[in-house]
Amino acid sequence: MMRASHAVDAPHVSLLVTAKDGITMFSRATIGGDTVSKNVGVWHEDMELRLVKTGNSVECAYKHSSAPDWYVIGTATAELDSAAVFHVGQAVSSADHGEHSQLTSGVVDVQPAL
């Protein structure tokens, strides 16, 4: 997940996976704008997710941990560069109210642009 701020209506790009819906890309381009989504319905127990930011564009991709190739879901635009700092993190949700969920996290790699 990348967010321009912690505000509830902040521009953001998120890539989430649930057993129920598979992988979904969410984004909001501007402060207070609508959140749009794109679902690919792919789910596997051992998925890796990747966000690559270039300017205000963020490419969203996934792969099975044992596979060599990344599959690009799409590229979203969000006003992340207008903030002095933008936020990067991991999100977890069971997608079912009242149910618990667990996040197993590996390496989180944040690299500056070359």
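Residues numbered from 1 in each chain as written. Predicted model: local features only at pLDDT ≥ 70, side-chain atom pairs only at ≥ 80, totals over all residues. Heavy atoms only, no water.

Here's the deal with the pattern of salt bridges
Right, so step 1: Enumeration over the complete set of coordinates arrives at two salt bridges.
Right, so step 2: E48 is the partner of K63 in a salt bridge, and the nearest nitrogen-oxygen pair spans 4.0 Å. A residue pair is termed long-range when its members are at least 10 positions apart, and K63 in strand β6 (residues 57–64) and E48 in strand β5 (residues 47–54) qualify at 15 residues.
Right, so step 3: Relative accessible area serves as the criterion here: at 9%, K63 is assigned to the buried category.
Right, so step 4: Looking at E48, the relative accessible area reads 30%, which means it is partly exposed.
Right, so step 5: The salt bridge partner of E59 is R50, with a shortest N-O separation of 3.8 Å. (Salt bridge = Lys/Arg side-chain N within 4 Å of Asp/Glu carboxyl O. Helix = DSSP H or I, 4+ residues; strand = E, 2+ residues; numbered from the N terminus. Buried < 20%, exposed > 50% of the residue type's maximum accessible area, 1.4 Å probe, protein only.)

Considering a nonpolar patch on the surface
Right, so step 1: On the surface, V17, W43 and L49 cluster together to form a nonpolar patch covering roughly 250 Å² of accessible area.
Right, so step 2: Examined against the element boundaries, L49 turns out to sit in strand β5. (Patch = residues over 30% accessible without salt bridge, like charges linked within 9 Å, V, L, I, M, F, W, Y side chains within 5 Å. Areas by Shrake-Rupley, 256 points an atom, 1.4 Å probe, with all protein chains shown as cover.)

With respect to the nonpolar core
Right, so step 1: V13, L15, I23, M25, I73 and L80 are the most contacted members of the largest nonpolar core, which totals 14 residues.
Right, so step 2: Broken down by secondary-structure element, the contributors of at least two residues to this core are β2 (12–18), β3 (22–28), β6 and β7 (71–77).
Right, so step 3: With three residues, β6 is the largest single contributor of residues to this core.
Right, so step 4: M25 has contacts with S14, L15, V36, S37, K38, C60, I73, G74 and A76, leaving out every residue within four places of it along the chain. (Core = buried A, V, L, I, M, F, W, Y, C linked by side-chain atoms within 4.5 Å. Contact = heavy atoms within 4.5 Å.)

A short note on the side chain of R3
Right, so step 1: Here R3 shows up in strand β1 (residues 2–3).
Right, so step 2: It is D9 that comes nearest to the buried, bridge-free R3 among opposite-charge side chains, at 6.6 Å.
Right, so step 3: Only 2.7 Å separates the side chain of R3 from the backbone oxygen of A7, close enough to count as a polar contact.
Right, so step 4: Residues within four places of R3 in sequence aside, it is in contact with V8, A10, P11, H12, R28, L80, F86 and H87. (Lys, Arg positive; Asp, Glu negative; His and termini not counted. Polar contact = N/O pair within 3.5 Å; in protein donor to acceptor, adjacent residues only side chain to side chain.)

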